[in-house]
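Secondary and tertiary structure notes
Each chain is listed here by its residues.
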Amino acid sequence: MKFLYLIYQLFIALPIMLVVTIIAAIACIIGSLFDNRFWGYWPGMIWGRLFCLVFLIPVKIHGQENIRKGQSYVIVSNHQSFFDIFALYGHIGIYFKWMMKKEIGAIPFVGWACRMAGHICVNRESKISSVNSMKQAKEQLTDGMSLLVFPEGTRTATGEMGRFKRGAFQIASDLSLPILPVTLNGCFDVMPRKAWHASWHRIDITIHKSVGFTSGIDDAERTAAIRIMADNVATIIEGGLQGRE
C-alpha cells in the first residue's frame, strides 16, 4: 500500500496540485488587486483543503466553538511539517494573514500570491526588516482579521516542540489582542522535515480557548510578562500533543 500511495502521489496528486497551485495563485494575485481580504483568503483556503483531499490526508478539527466570530486573534501553532500550512489554511475557518520567512515570498506564483494577499514576509537576519514586518502585521489586524504565526520559527526536526519566540506575543500585547493557541497533531507523521514525499496519516487540529494579557501591566513588567505568556501558551499547545494518536 505504501508503494501504491507513493506512485499515486508522484503521478496523480502532484501534477493535479501543481495545476491547482498555479490557478489559485493567479486568482489570488488578480483578485487581491481589488480586495485582498476576500481574495487573500478564499483561493488559499480552497488550495489548502484540496491539497489534503488530493493527497488523501483526512483532517479533523476540534474546538471551533472556541472561536468568537468577528474577533481578531494572534493565532499561534506548533510547526511540524509543510502540511501544517495546507491543514490550517484549508480548515481553521478564520480570515488571517500569515507571518512567514522571506524565502517563501520569493517562490514563483506562491510567493507572489502571498505578497499580494498581504501576508507578512520576515527577514529574520535584519532587525530593521523585522520591525517593519511587525508594523505591517499590526496594520492588518482590524475588522476580525487575525495573524497566524509559528512561534518556533521553523519546522521541528524531531517532532518535539522548540521554545517559542516572543514576536507574536509582543504584537498581541501591543494591540491588546487575545492569543488563540492551536495544536497540530499528525503533520509530522505525514511529512517530517527531511522527507521528500508524504505518508498517509490523519491530521488533527485542536483549537484551544483564547488567552489574553492581564491589563494594566506597565512597561517595566511587560517584557517579563510576554516571556511568561509565550511559555504558558507553549505549555497549552504542547499539552495537546500528549494525546497524539
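The structure we're discussing is the one just above.
Residues numbered from 1 in each chain as written. Predicted model: local features only at pLDDT ≥ 70, side-chain atom pairs only at ≥ 80, totals over all residues. Heavy atoms only, no water.

1. Looking at the nonpolar core
To be explicit about the condition: Among buried residues, the Ala, Val, Leu, Ile, Met, Phe, Trp, Tyr and Cys ones that are joined through side-chain atoms within 4.5 Å form a nonpolar core. In this scheme, a residue with accessible area under 20% of its type's maximum is buried, one over 50% is exposed, and one in between is partly exposed, where area comes from a 1.4 Å probe on protein chains only. Strands are runs of DSSP state E lasting at least 2 residues, helices are runs of H or I lasting at least 4, and numbering of each runs from the N terminus. Any two residues having at least one pair of non-hydrogen atoms within 4.5 Å are treated as being in contact.
Ranked by size, the top nonpolar core spans 38 residues in total, and within it Phe55, Ile75, Phe83 and Leu88 carry the most contacts. At the level of secondary structure, the elements contributing two or more residues to this core comprise α1 (2–32), α2 (42–54), α3 (83–91), β3 (96–101), β6 (179–185), α7 (187–190) and β7 (203–207). The contact partners of phenylalanine 55, leaving out residues within four places of it in the chain, are Tyr5, Gln9, Ala13, Leu14, Met17, Phe83 and Ala198. Grouped together as the second largest cluster of nonpolar side chains are 25 residues, Val149, Ala172, Leu177 and Val211 included.

2. A closer look at the packing of α2 against α3
To keep things clear, this is the line we draw: All axes here are fitted lines through C-alpha atoms, helices being fitted over the stretch that makes contact, and every angle between N-to-C directions spans 0 to 180 degrees. Small angles under 35 degrees read as roughly parallel and large ones over 145 as roughly antiparallel, with 65 to 115 read as roughly perpendicular and the rest as oblique. In this scheme the crossing of two helices becomes right-handed for a clockwise turn of the near helix relative to the far one and left-handed for an anticlockwise turn of less than a right angle.
Closest axis-to-axis distance for the α2/α3 pair is 7 Å, and the angle between their directions is 120 degrees. With respect to α3, the element α2 is oriented oblique. Note that α2 runs across α3; the crossing there is left-handed. Residues Gly44, Met45, Trp47, Gly48, Arg49, Phe51 and Cys52 of α2 form the contact with α3, whose participating residues are Phe83, Ile85, Phe86, Ala87, Tyr89, Gly90 and His91.

3. Concerning the packing of α1 against α2
Defined as follows: Each residue receives one of three labels: charged for Asp, Glu, Lys and Arg, nonpolar for Ala, Val, Leu, Ile, Met, Phe, Trp, Tyr, Cys and Pro, and polar for the others, Gly being one of them.
At a closest axis distance of 9 Å, the pairing of α1 and α2 adopts a crossing angle of 175 degrees. When the axis of α1 is compared with that of α2, the two are roughly antiparallel. Here Tyr8, Ala13, Ile16, Met17, Val20, Thr21, Ala24, Ala27 and Cys28 of α1 lie close against α2, whose contacting residues are Pro43, Trp47, Leu50, Phe51 and Val54. Each residue belonging to the contact of α1 with α2 can be placed in one class, and the counts come to 13 nonpolar, one polar and no charged.

4. Describing the pairing of β3
The criterion, for reference: Two strands are counted as paired when DSSP detects at least two bridges linking them.
Most of β3 sits out of view: five of its six residues are buried. Note: β3 against strand β5 (residues 146–149), three bridges, orientation parallel. When the bridges of β5 are listed, phenylalanine 96 appears paired with serine 146. Across three bridges, β3 lies against strand β4 (residues 120–122) in parallel orientation. The residue bridging methionine 99 from the neighbouring strand is isoleucine 120, located in β4.

5. What about unusual backbone geometry?
At phenylalanine 109, a residue that is not glycine, the phi angle is positive and equals roughly 65 degrees. For phenylalanine 109, the position within the fold is in the loop between β3 and α4 (110–117). Given a relative accessible area of 31%, phenylalanine 109 falls into the partly exposed group. Despite not being glycine, serine 176 has its phi angle at roughly 55 degrees, a positive value. Relative to the elements of secondary structure, serine 176 occurs in the loop between α6 (167–175) and β6. Taking the relative accessible area as the measure of exposure, serine 176 reaches 67% and is therefore exposed.

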